[in-house]
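# Tertiary structure, described
The residues making up each chain are set out below.
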Amino acid sequence: MTPSCANLIEAISFYFETLEQSEALIAFQEVILFKCEYTDEFSALLKRDKDDLEKARDIFTAFITDIDESQWLDTRPDTAHIGAVSQTLLNALVGALFQ
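Quick summary incoming for the structure in this document. (Residues numbered from 1 in each chain as written. Predicted model: local features only at pLDDT ≥ 70, side-chain atom pairs only at ≥ 80, totals over all residues. Heavy atoms only, no water.)

Given 3.6 residues per turn, any residue in an α-helix points the same way as the ones three and four places further on. Its 17 residues give helix H1 (residues 5-21) an end-to-end C-alpha distance of 24 Å, which sits within 8% of 24 Å, the value for a rise of 1.5 Å per residue. Buried within H1 we find Asn-7, Leu-8, Ile-12, Phe-16 and Leu-19. (Helix = DSSP H or I, 4+ residues; strand = E, 2+ residues; numbered from the N terminus. Expected span 1.5 Å × (residues − 1). Buried < 20%, exposed > 50% of the residue type's maximum accessible area, 1.4 Å probe, protein only.)

Dropping the structure here:
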């Protein structure tokens, strides 16, 4: 996929459309998000989830970094700003799952 703002939005839209159309994914998300009691026994699962979120953030960062200069409204943001945008995007996606 060519890095662009439109492609990023399309990928997010595809993710949520897929999630909304799959009863199995909806059931899985409900169990994981609302019905699991996370105790010490789940520490390995929590670590894996944290690692997955960090990987997703890194992928977002790489994708956003590669977006063509012409896609930005102003000058290309610096590394710290791109990192903040990536973390905000990840937070928004995870928050949307809880809703």
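For the coordinates displayed, the defined rule picks out two salt bridges. Salt-bridge contacts for Asp-51 lead to Lys-47; the nearest nitrogen and oxygen are separated by 3.1 Å. Residue Asp-51 and its partner Lys-47 are both found in helix H3 (residues 43-65); the two are separated by four residues, about one turn of the helix. A relative accessible area of 27% places Asp-51 in the partly exposed class. (Salt bridge = Lys/Arg side-chain N within 4 Å of Asp/Glu carboxyl O.)

Let us now look at the nonpolar core. Grouped together as the largest cluster of nonpolar side chains are 13 residues, with contacts concentrated most on Leu-8, Ile-12, Phe-16, Phe-60, Ile-64, Leu-89 and Leu-93. Sorting the residues of this core by element identifies H1, H3 and helix H4 (79-98) as the ones contributing at least two each. When neighbours within four sequence positions are excluded, Leu-93 is seen to be in contact with Ile-12, Phe-16 and Phe-60. (Core = buried A, V, L, I, M, F, W, Y, C linked by side-chain atoms within 4.5 Å. Contact = heavy atoms within 4.5 Å.)

Moving on, we get to the packing of aromatic side chains. Per the counting criterion, the structure on display carries one aromatic pair. When the ring of Tyr-15 is compared with that of Phe-16, the centres are 5.0 Å apart and the planes differ by 80 degrees; the resulting orientation is edge-to-face. (Phe/Tyr/Trp six-rings, centres within 6.5 Å; stacked < 30°, edge-to-face > 60°.)

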